[in-house]
Every structure is written in C-alpha cells, then in structure tokens.
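Residues per chain are reported as follows:
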Protein chains: 2
Amino acid sequence: MAAEEFFLDNQLCFRLYTASRLLTQAYHPLLSAKGLTYPQYLVLLVLWEKDAQPVNDIAKRLMLETNTVTPLIKRMEAEGILNRRKGEKDARQMIVSLTPKGKRLQNELRDVPATVGSAVLCKEVTPESVPGLFVALDGIIGQLSKSKLANP
Amino acid sequence: MAAEEFFLDNQLCFRLYTASRLLTQAYHPLLSAKGLTYPQYLVLLVLWEKDAQPVNDIAKRLMLETNTVTPLIKRMEAEGILNRRKGEKDARQMIVSLTPKGKRLQNELRDVPATVGSAVLCKEVTPESVPGLFVALDGIIGQLSKSKLANP
DNA sequence: TATATTTGCATCGTGAACGATATAAACAAA
DNA sequence: TTTGTTTATATCGTTCACGATGCAAATATA
C-alpha cells in the first residue's frame, strides 16, 4: 500500500490543477473590478485578436466545448460586452462580436498581463525560464489533445 | 491595440488552465469507472496517505476552501467511500475516515498514476524533464500561495 | 467569570466545465 | 427529390470552485 505513485506530491496533475487555480485567483481582483471572470477574459482575448467569430471558433481556440462557451457568451451578452447574430452564409452559426464596451475593455485591462505576470516571478520562475515552461505545457496540451482527437 | 501581451499564445495562465483541464479529462474514464471525480480522487490520495483527518487538514493539503471540500466529502460519504464523525477533542471538527470501500479503491485504482503518466509523455515531456517542470510549478504555487497569505 | 475574538465547518448563490441529449440547418447519398 | 448524415449551437443535470455569510465551539481578553 501507500505506493509512492499515489503520493500527492508526485502528481503532475495536482500541480497543474493547483497552479491553474491560484493563478486564476490572481486575476480575480483585476477582472472582477470590471465585472469579468477569467473564462470571460479568455473570450475577450480571442475576440480582441479577431472580432466577429462563430461560437465554434471561439470554443476551438480555447479548447472548450460549445456547451461551456454558449452560456458564458450569453452572460457576456447580458452585460453588454458583446452581441450575437445569426450567420448570413450559414444560419446555424452564431457570430459573436464585440460591442464598443467590449472593445474599450482592452484598454481598461491593458495592465493586467504585466501585473499578473510579475506576480508569479520568483526564484524558480524567471523571464528566462518561462519559455521552457511554455514548451513543456504545450507538449502536454498537444499530447493530450491528440489522444482526444483519436477517441472522439 | 492588439498588444502582444494580450495574445492568447503568450499567456501562462491559459496554458496551465488548458493543461490542467485536459489532464483531468485523461483521468475521467479511469475514475468514472469507479464512480469518482478527479477532486474526489484527490481527497482519496490525501486519506490514503493518512486516514482520519479533519476537513480543514484535507482542504489545506489540497489548497482548497472548506466550502469546496465539505460538499465534496458529503457526496463521497453518500457513496459509502468515507464517513464523518465529530471530533472528540474539538467538537467543531469533522473527522473524515475511509470506509473499507474507500480503502479498497486504492488497490482498484493502482494502475491509474502510471496510465495517466504515460499518456502525457512526448518529445517535450520526458521522465527526465518532469522534475524541472515540478520545480517551476512548485515555484508558481509557492509564490501565489505566499501572496495569498499576505492578503487574507 | 463574563465578554470578545478566533476557528472549524456549513449553507447559499453564481459561474464555470462537461457528459448526454436535442434541434435545426447544411450537406451527401440514394 | 427524398432520405440520411454531419455540423453548429443550445438545453439539461451534476459537480466543482469560491465569495459571502452564518453558527457554534474553542480560545483569548477584560
């Protein structure tokens, strides 16, 4: 029993899970000041890069299911951050576009990336070491999204 | 506009968030076969290390709030995986203990760590590179939990 | 000892995540 | 053209996460 594979401290997933939660919490005071959640902020990141996208493209970009993104976007629509309209070419699609308020938020939140970025810096995480961390995380993401495509 | 700080691909948090979700999904078929969720599995990891702990100790170990852990534990109690009893020394505490079923699960799930572990291995993530990844993630967790203690 | 504060747990409300399922539009095949 | 399949989105139910708040037991302070 008590095999070391089961030790919590040996678990990669628990570390990712905890780091993700804590870093999301670091965004919280900055985002809630503008009435946003972190997943809503992610949707804004996608739309700031390219406005007027169908729900499916946003979901794919964030690697989320549409049944997660749809209600999320509806809440943002209720807040006047974006609007949804039926696609003209394809009537099944819902095209999501930023409102002026949604566009203004990019400027109002301009300090968020640097603020959160500096909050994680420490002996073990430096501007020099972050690219290596990105490679590892991208490897995990690529590997797991691959096996997901294989068993859809 | 479109400042590169806002590019989704530059975001550490998004990578952690995605890697965490995908890796949790990799546990799903293995755990749901035994009627468990990933956070419930984490509670089992804690109790397998040391049985009969108060809710607060479990929550601290997982870096979760008690208002997350309490309902989670209650669901596990309803499944007959563990039981709760009032602390004798401190009547405020609820001591959580494994049932025989909860103890048996350790053996039934013995292949889970290796199965999930092998699922993430790839060019960028090797047995040799994982310790370095642990250091970085522990750095992030340590840094963020520190600043959390400062502003309670 | 009486009162105030802290601590441990629980309840409530909101917003994700996601599996399962539904619905309508687009497209393919018969 | 009719039928079948795929695609895009939405709905529903369950389980986290977590901020806010409540309550009772323990502890500190007056």
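Sequence order as written defines residue numbering, which begins from 1 separately in each chain. The order in which chains are written sets their letters, starting at A; the order in which ligands are written sets their numbers, starting at 1. Per-residue local features are limited, in this predicted model, to residues with pLDDT of at least 70; the limit for side-chain atom pairs, both in listing and counting, is 80 or more; totals at the level of whole chains, interfaces and linings are taken over all residues. Water and hydrogen atoms were dropped before computing side-chain values, which therefore reflect all heavy atoms in the structure.

Topic: the overall build of chain A
Working step 1: Only DSSP runs of H or I reaching four residues or more are called helices, and only runs of E reaching two or more are called strands; each is numbered from the N terminus. Assigned secondary structure in chain A consists of seven helices and three strands.
Working step 2: Ordered by position from the N terminus, the helices and strands of chain A form the series α-α-β-α-α-β-β-α-α-α.
Working step 3: A principal-axis box enclosing the C-alpha atoms of chain A has dimensions of 60 × 40 × 30 Å.
Working step 4: Counting the 152 residues in chain A, one finds 45% classified as buried.
Working step 5: Reported accessibility uses the Shrake-Rupley method at a 1.4 Å probe radius. Residues are deemed covered only where the shown protein chains occlude them. Surface exposure of chain A reaches about 7,800 Å², of which carbon and sulfur atoms provide 55%.
Working step 6: Each charge sign in chain A was given a centre, from 20 positive and 16 negative side chains, and these centres are 8 Å apart. Under the scheme applied here, a residue whose accessible area is under 20% of the maximum for its type counts as buried, over 50% as exposed, and between as partly exposed, the area being computed with a 1.4 Å probe on protein chains only. Positive charges come from Lys and Arg alone, negative charges from Asp and Glu alone, with His and the N- and C-terminal ends not counted. Working definition for charges: the position is that of NZ of Lys, CZ of Arg, CG of Asp or CD of Glu.

Points about the interface of chain B and chain A
Working step 1: On the side of chain A, 61 residues touch chain B, which itself brings 61 residues to the contact.
Working step 2: Buried area, as used here, totals the accessible surface that two parts lose on assembly, with accessibility defined by a 1.4 Å probe and the loss added over both. Around 6,000 Å² of area is buried between chain B and chain A when both sides are counted, 72% of it from carbon and sulfur atoms.
Working step 3: In this structure, Asp138(A) and Arg15(B) form a salt bridge, with 2.7 Å as the shortest nitrogen-oxygen distance.
Working step 4: In protein, a polar contact requires one atom able to donate a hydrogen and another able to accept it; more generally it is a pair of N or O atoms within 3.5 Å, and residues adjacent in sequence count only if both atoms are side-chain atoms. Across the contact surface, chain B and chain A share twelve residue pairs in polar contact (both at pLDDT 80 or more).
Working step 5: Where the side of chain B that touches chain A is concerned, the elements lending two or more residues are α1 (12–32), α2 (38–49), α3 (55–62), α5 (100–108), α6 (112–120) and α7 (130–150) of chain B.
Working step 6: Under the grouping applied here, Gly and all other residues not named as nonpolar or charged are polar, the nonpolar ones being Ala, Val, Leu, Ile, Met, Phe, Trp, Tyr, Cys and Pro and the charged ones Asp, Glu, Lys and Arg. Tallied by class, residues from the side of chain B that touches chain A come to 40 nonpolar, eleven polar and ten charged. The contact rule is simple, with two residues in contact once any of their heavy atoms fall within 4.5 Å. We define a salt bridge as a side-chain nitrogen of Lys or Arg found within 4 Å of a carboxyl oxygen belonging to Asp or Glu.

Some words on the protein's contact with DNA strand C
Working step 1: Lining the immediate environment of DNA strand C, one finds 27 residues, of which Arg75(A), Tyr17(B), Gln25(B), Asn56(B) and Arg84(B) sit closest.
Working step 2: Here a phosphate oxygen of DNA strand C and a backbone polar atom of Ala91(A) are 3.1 Å apart.
Working step 3: Measuring from a phosphate oxygen of DNA strand C, one finds a backbone N or O atom of Asn56(B) at 2.6 Å.
Working step 4: Of all the secondary structure elements, the ones that give two or more residues to the surface near DNA strand C are α2 (38–49) and α4 (66–78) of chain A together with α1, α3 and α4 (66–78) of chain B.
Working step 5: Considered class by class, the residues forming the surface near DNA strand C number eight nonpolar, eleven polar and eight charged. Being near a molecule or strand, for a residue, means having at least one of its heavy atoms within 4 Å of it.

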